[in-house]
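Below, each chain spelled out in residue letters.
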Amino acid sequence: MTQKIMTFLMFQGQAEEAMTFYTSLFDDAEIVSVTRYGPGQPGAEGTVQHAVFTLAGQPYMAIDSNVRHDFTFTPAISLYVTCASEAEIERLYAALSEKGATMMPLDSYGFSSRFAWVSDRFGVSWQLNLP
């Protein structure tokens with residue numbers, strides 16, 4: 001078997017909402033599979049036990065943890081998006097920062113003419129760059 005590495009995102013009951021939101025923002029994006037917790041299983045019935053979705057053809061895994069943790073996502077790890085146009089970076093910046101937090105506002109920086117770093121409403125960190 002060939003090794004594969006895939007980004008794994010653990011949510012606390014918002015996995016499906018997050019996947020639906022993310023797949024609405026990116027091309028070549030879809031929810032590939034979803035397995036839900038059923039009656040008598042350790043997670044809340046109907047929440048995501050395991051899912052795979054793609055963004056720009058890149059696969060990701062997601063779950064709704066059946067255990068409450070004292071930690072969440074951290075900006076030390078983020079999803080880095082190379083945007084194709086000014087319109088795209090502005091659209092993604094507006095959507096991903098809504099109800100989230102802005103760590104670096106969309107602006108010109110020494111390393112990039114258009115860059116932003118945001119944490120979305122689910123706590124996932126995104127770096128947006130227009131080369």
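Residues numbered from 1 in each chain as written. Predicted model: local features only at pLDDT ≥ 70, side-chain atom pairs only at ≥ 80, totals over all residues. Heavy atoms only, no water.

Student: Would you explain the overall build of the chain in this entry?
Tutor: Regarding its fold elements, the chain presents 2 helices and 8 strands. Based on the C-alpha atoms only, the size of the chain along its principal axes is roughly 55 × 35 × 25 Å. Taking as baseline every contact in the chain between residues at least 6 positions apart, the subset at least 24 positions apart corresponds to 52%. Element-wise, carbon and sulfur atoms account for 53% of the exposed surface of the chain, whose accessible area totals about 7600 Å². Within the chain, the 14 negative side-chain charges are centred at a point lying 2 Å from the centre of the 7 positive side-chain charges. (Helix = DSSP H or I, 4+ residues; strand = E, 2+ residues; numbered from the N terminus. Contact = heavy atoms within 4.5 Å. Areas by Shrake-Rupley, 256 points an atom, 1.4 Å probe, with all protein chains shown as cover. Lys, Arg positive; Asp, Glu negative; His and termini not counted. Charge placed at Lys NZ, Arg CZ, Asp CG, Glu CD.)

Student: Please clarify how the layout of surface pockets should be interpreted in this entry.
Tutor: Rolled over the atoms, a probe sized like a water molecule indicates the empty space that remains. Taken as a whole, the largest pocket encloses approximately 260 Å³ of empty space. For the largest pocket, the lining is made up of 13 residues, of which Phe 8, Leu 9, Phe 73, Thr 74 and Ile 77 are closest to its centre. Considering each element in turn, the lining of the largest pocket owes the most residues, 4 residues, to strand 1 (residues 7–11). Counted by class, the lining of the largest pocket contains 8 nonpolar, 5 polar and no charged residues. (1 Å grid on protein atoms, 1.4 Å probe; cavity = no way out; pocket = protein on both sides within 12 Å on 5 of 7 lines; lining within 4 Å. Points joined across faces, edges and corners; volume = space filled by probe spheres on them. Nonpolar A, V, L, I, M, F, W, Y, C, P; charged D, E, K, R; others polar.)

Student: Would you explain the UniProt feature "domain: PhnB-like" (unreviewed entry) in the chain in this entry?
Tutor: Here, the residues flagged by UniProt with the feature "domain: PhnB-like" (unreviewed entry) are residues 3–128. Spanning residues 3–128, this segment combines 18% helix with 41% strand, and its end C-alpha atoms are found 28 Å apart. (UniProt positions renumbered as here; feature names shortened; annotations may be inferred.)

Student: Help me understand the pairing of strand 4 (residues 58–64), please; the structure alone is not making it clear to me.
Tutor: Two faces make up the sheet, and in a regular strand the side chains alternate between them. Across 5 bridges, strand 1 lies against strand 4 in parallel orientation. Within strand 4, the position partnered with Phe 11 by the bridge is Asp 64. For strand 3 (residues 48–55) and strand 4, the ladder comprises 5 bridges, and the chain directions are antiparallel. When the sheet's bridge partners are listed, Thr 54 is paired in strand 4 with Pro 59. Counting the residues between successive antiparallel strands, the hairpin from strand 3 to strand 4 contains 2 residues, one of them, Ala 56, with a positive phi of roughly 50 degrees. (Pairing = 2+ DSSP bridges.)

Student: Would you explain helix 2 (residues 86–97) in this entry?
Tutor: Residues lying three or four places apart along an α-helix face the same way, a consequence of the helix completing one turn every 3.6 residues. If you check helix 2, its first and last C-alpha atoms are 16 Å apart, about what 12 residues at 1.5 Å a residue would give, namely 16 Å. Of all the positions in helix 2, only Ile 89, Leu 92, Tyr 93, Ala 95, Leu 96 and Ser 97 are classed as buried. Against the buried residues of helix 2 lie helix 1 (15–25), strand 5 (79–82), strand 6 (101–109), strand 7 (112–119) and strand 8 (125–130). Phi turns positive, to about 65 degrees, at Lys 99, one or two residues after helix 2. (Expected span 1.5 Å × (residues − 1). Buried < 20%, exposed > 50% of the residue type's maximum accessible area, 1.4 Å probe, protein only.)

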